[in-house]
Amino acid sequence: MSDSASTATPAGSASKVLKIEEAVIRIAGNSQDGIQAIGGFLARLAGRSEQEVMTFMTIPSTISGGPSIFQVRIGSGEVLSAGDEADMLICFYQHSYEEHITSLKLGGIVLYDADHVTPKPEWEENYRHVGVNISSLTVEAVGGTGRDKGKNIFSLGLLAKIFDLNIPKLTKLIEERFGGKDPTVVQNALTCFNAGYSHSFENLLKTYQFYDAEKKDKHQVVMNGNEALAYGLIAAGVRFGAGYPITPWSDIMELLRRELPKYGGSFIQTEDEIAAISMAIGASYGGRVAVTGSSGPGISLKTEALGWASMAEIPLVIVDVQRGGPSTGMPTSVEQSDLNICCFGGHGDSPRVVIAPASVEDAFYTAIEAVNIARKYSTPVIILTDQAIATRIEAFEEPDLEKICQDISPDFTPVAEHKPYDLSVGDGVTRHIAPGTRVGSGKYPVVTGLEHDEMGHPTGSPKLHVQMTAKRRNKLRKLAWDFPKVKTYGPNEGQILLVGWGSSEGPIREAVDRARAVGEAISSVNLKYINPLPNGLEEIFRGFRHVFVVELNDEGLYGYGQLAAVLRARYCEPKIRGITKTDGLTWKVKEILDRARTLASQQV
Amino acid sequence: MSDIAIPFAPLPRTGIGLSDALVTIPLESDRKGLTKKEVAADHPTWCPGCGDFSVLALYFKLIEKRKIWHEKITTVAGIGCSSRFPYFVQAHGAHYIHGRALPFASGISLSRPDLHVFVFGGDGDAFSIGGNHFSHTARKNIKMTYCVMDNWVYGLTKKQTSPTSPLGFKSKTDQWGAVDYPINPMKQAIAAGATFVARTTHTNPNHVLQMMEAAMDHDGFSFIECLSECVEFYEGAFDSSNPRKGGAFNLVPADHDVTDEFAAYKLADQPFPGSFGIFYQSTKPTKNAKEAEINKSYSDKFKGLKDWEILKKNFDKLK
Ligand SMILES: Cc1ncc(C[n+]2csc(CCOP(=O)(O)OP(=O)(O)O)c2C)c(N)n1
Ligand code: SF4
Ligand SMILES: [Mg+2]
């Protein structure tokens, strides 16, 4: 808790109130304890209070439960990561206590369920221990059914008390969440909440109060990255998709399956990922950019069809929600190890576009950009997101939907004649006409995975293969000029440039802030456009002594992470080096800084 | 972070400028039915005598007879000799990857109810690499017509055993004769839940056309197994079904009840040459219709709302 000194004593209250900028709260228990729900409520409340918020959670990959945590960082200023260390740990079990105590700041508060946790004397010196009989008090509150379901809401009440949270807003959130069902459900939830809220800490704890956040002109919306991405696709005008379930991609397909019919569209659950991408390509060919997606092994299965889309130059959006690999790997952990397959996976020279959102809000807008790039350049576009963005909740300014929502319905007006793969057009970009479109000349195009002539008919001509290969490549070179200029975070000259992509952006920026605060010349860039790379990076690199690429993947045989290897190949720049890790967890700010400082002290 | 670097833009229609249109497009009302010449595209690359020629000729006939316009059909195929079909047809078409023509075609069918999708392909494409897609497209009853040109061999890759090759067939991958039990396409289709299952052979053109017409008129997944001889790698495979070669072409018995799944299965169990005609047909609602029904329940509810207003309702709940 970055508490500023000011201490206030509200009238009528004997306990001290301490004003704070932000707080990191970690809740640890088992997956069936509804821990995510507490986090969700806190995040939504932060959104409604115009505060910034970011969450981080782990869920076991088995359904029967297992240890699970939810960490939420709420701040009145900018929040860039879920926080390295927690200010407060709520733990439901002995294992949660023992596993997570080290994630707490020295002097931090452990709020433990005294029914299940026995504090360890050696830790009692370093952390403030406060025991509450969370389980039994919950059972007591809801009428002694003997079940402690609801202890999450009881704990939310405790937190509301400690952090002086806005009770009317929280009550409303609880009512919204549990309303509509059996009225006793809402009643029980509120009973649990009130029981927690009225629990007396007897001066064991002071009350913390967040500084008011800066007033924002617009409402904030609160959602996770998968939701933002899926809604972005809808806003972009996508009305058809197909997929096969796999964590953490499933949320996106479930949402689209549920929502698309409202817009006259559909999302189809297919028999496998190959069918999914094939169906999406078929629908795209039908005239309107469609979406497919997957995670881990499902991405591998899609590569043959992806190559077809490159060859036939069909617009398509493919979502890859990265998780730990290879094979089934680490289904619920984050990793950024699919960059290679997304940029290069498949046989032959098969150029495609790869773009990576850096935050939940960015996922929404990236989805729209992906659709626009796919249409404009008639190409498959991969949205390379990851498990961390997928599952974390953020609050962001509500998009201006009226302005943003696009209509991408196909145009079927007849054309006089048509050559999809016309080599004479200036921009080299293929234009397809959707089936259903009359062609006056009576000559209809075919789309194919065989090398083809301008009408799409197969050819074995060496010359045409050279020309068509160049055409497919050059349009992406052209796209690179369409990308906005990359900006550095921090000055564009200095000692160290940290290069990141995807979910690492937040912690990297926070690392830059921290380093600059102590006088270190560190800046960063985030690469959203991975394939093709944006132009002008060499100029940025020139301004720094070291360029470190920070990514969540293995350093590989030759010592560089996947993006680092691409950048080294592209720029032949020995000062580009890699900072990688594969523990399945998001970057901590401290980790990045420690690694960067050490690496900078080593000779190239 | 909240700006869209590549904004939405209307697309140019085609590489060739429309303003200097070289061809005038006749009015819809002035259109006459297409002639064979108008529906034929590339000259087929098949070996002379290949059974696939007749299937193509009868597809042209179907288009002519039923007065289908170029733009109202889409011809889709996977990979194989037979799968080269779309290049030979003057209409919108797609030559997709090996075994996956059905999901591709499903994408068109489900998003474009105004088109009729025809899929053509071989036995390897359908029942080996594409076997799983066959089952699922059939069970979902996605509206399209699928004609498998079964030659009991891999033609394009030059004589390997196919999933329909009979036991003992000598191929490059079974020099001693095939040892794996073959698939029975009719049984496969019936068991998977296809709602139209028919069998024909390229040597009986009238029958092929009849089956194609019936399949096209069927509202659902219509499957035709069309025996189509590979003269190059499996000559004479179907002679015993060809009266001109001393074989027998037997129609499905007149009293066969096409809605009786078990009777259909019995027909499918006959030894070669078996019967030709419609084995099974039922009228289950299609996936296309079911999805449309789901959509209708919403279009009533959201009547008059623009897309962004519908999305706004979700966002309001996320505040
Ligand atoms: C993924 C993949 N594997 C293998 C092939 C090679 N291949 C092309 S066609 C074919 C078999 C074709 O047999 P069939 O489907 O019966 O068609 P036919 O040529 O007999 O008409 C094979 C194995 C391929 N194109 N793609
Ligand atoms: S190889 Fe066989 S199937 Fe292929 S074209 Fe020749 S005859 Fe027809
Ligand atoms: Mg074959």
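Just so we're clear, the structure is a prediction, and the values are computed from it rather than from any experiment.

Rules of the game
Residues numbered from 1 in each chain as written. Chains lettered and ligands numbered in written order. Predicted model: local features only at pLDDT ≥ 70, side-chain atom pairs only at ≥ 80, totals over all residues. Heavy atoms only, no water. Salt bridge = Lys/Arg side-chain N within 4 Å of Asp/Glu carboxyl O. Helix = DSSP H or I, 4+ residues; strand = E, 2+ residues; numbered from the N terminus. Near = heavy atom within 4 Å. Polar contact = N/O pair within 3.5 Å; in protein donor to acceptor, adjacent residues only side chain to side chain. Axes fitted to C-alpha atoms, helices over the stretch in contact; angles between N-to-C directions. Parallel < 35°, antiparallel > 145°, perpendicular 65-115°, else oblique. Left-handed = near helix turned anticlockwise from the far one by under 90°. Contact = heavy atoms within 4.5 Å. Donors = N, O, S within 2.8 Å, 3.2 Å for Na, K, Ca; no water. Buried < 20%, exposed > 50% of the residue type's maximum accessible area, 1.4 Å probe, protein only. Domains from an automatic or database assignment. Buried area = accessible area lost by both parts, 1.4 Å probe. Nonpolar A, V, L, I, M, F, W, Y, C, P; charged D, E, K, R; others polar.

A.B. asks: Can you break down the pattern of salt bridges residue by residue, with the values?
C.D. replies: Residue and element names in this part refer to chain A. What the rule picks out here adds up to 41 salt bridges over all chains. Residues Glu 451 and Arg 472 are paired through a salt bridge, measuring 2.8 Å at the closest nitrogen-oxygen approach. Taken together, the residues span a long stretch of sequence, with Glu 451 in the loop between β18 (446-448) and α17 (462-482) and Arg 472 in helix α17 at a distance of 21 residues. Each of Glu 22, Arg 73, Asp 84, Glu 510 and Arg 514 takes part in one network of salt bridges that share partners.

A.B. asks: Report on the site of ligand 1, specifying residues and quantitative values.
C.D. replies: Residues in close proximity to ligand 1 total 17 residues, the closest being B:Cys81, B:Ser82, B:Gly124, B:Asp125 and B:Leu156. The environment of ligand 1 is shared, with nearby residues belonging to chains A and B. Between an oxygen atom of ligand 1 and a main-chain N or O atom of B:Asp125, the distance comes to 2.8 Å. Contact distances for ligand 1 include 2.9 Å between an oxygen atom and a backbone N or O atom of B:Leu156.

A.B. asks: Requested: an account of the packing of helix α6 (residues 167-178) of chain A against helix α7 (residues 183-197) of chain A, with residues and values cited.
C.D. replies: Residue and element names in this part refer to chain A. At a closest axis distance of 9 Å, the pairing of α6 and α7 adopts a crossing angle of 150°. Classified by the angle their axes make, α6 and α7 are roughly antiparallel. Of the two elements, α6 crosses α7, and the hand of that crossing is right-handed. Every residue of α7 that contacts α6 at Ile 167, Leu 170, Thr 171, Ile 174, Glu 175 and Phe 178 is listed here: Val 185, Val 186, Ala 189, Leu 190, Phe 193 and Tyr 197.

A.B. asks: For the coordination of the magnesium ion (ligand 3), give the residues involved together with the corresponding values.
C.D. replies: Residues and elements named next belong to chain B. For the magnesium ion (ligand 3), every protein donor is listed as Asp 123 (OD), Asn 151 (OD1) and Val 153 (O), and the spread of their distances is 2.1 to 2.2 Å. Within one chain, the residues donating to the magnesium ion (ligand 3) are spaced in sequence as D-x27-N-x1-V. Taking the relative accessible area as the measure of exposure, Val 153 reaches 2% and is therefore buried.

A.B. asks: Report on the domain arrangement of chain A, specifying residues and quantitative values.
C.D. replies: All names here are of chain A. Its domain assignment divides chain A into domain 1 (2-210), domain 2 (221-404), domain 3 (411-482) and domain 4 (494-600). On a C-alpha basis, the centres of domain 1 and domain 4 stand 35 Å from each other. At the interface, six residues of domain 1 touch eleven residues of domain 4. Interface area for domain 1 against domain 4, summed over the two sides, is near 720 Å², with a carbon-plus-sulfur share of 49%. For domain 1, the biggest contributors to the area lost against domain 4 are Phe 56, Leu 80 and Asp 84; these three give 72% of the whole. Counting every contact that joins domain 1 to domain 4 gives three salt bridges. For the pair domain 1 and domain 4, the number of links is five residue pairs in polar contact (both at pLDDT 80 or more). When its residues are assigned to classes, the side of domain 1 that touches domain 4 shows two nonpolar, one polar and three charged.

A.B. asks: Kindly report on the packing of helix α2 (residues 52-65) of chain B against helix α7 (residues 205-217) of chain B, identifying the contributing residues and their values.
C.D. replies: Residue and element names in this part refer to chain B. Where α2 contacts α7, the two axes come as close as 9 Å, and the packing angle between them is 55°. Judged by the inter-axis angle, α2 sits oblique to α7. Here α2 and α7 pass one another in a crossing that is right-handed. From α2, Val 55, Leu 58, Tyr 59, Lys 61, Leu 62 and Lys 65 reach across to α7, where they touch Pro 205, Val 208, Leu 209, Met 212, Glu 213 and Met 216.

A.B. asks: I'd like a description of the interface of chain A and chain B, backed by residues and values.
C.D. replies: The partner chain B presents 72 residues to the 99 residues of chain A that form the contact. Taking both partners together, chain A and chain B bury about 7,400 Å²; carbon and sulfur atoms supply 61% of that area. Broken down residue by residue, the surface that chain A buries against chain B is led by A:Glu271, A:Arg438 and A:Tyr444, which jointly contribute 10%. In this structure, the connection of chain A to chain B is made through four salt bridges. We note a salt bridge from B:Lys312 to A:Glu398, for which the minimum N-O separation is 3.2 Å.

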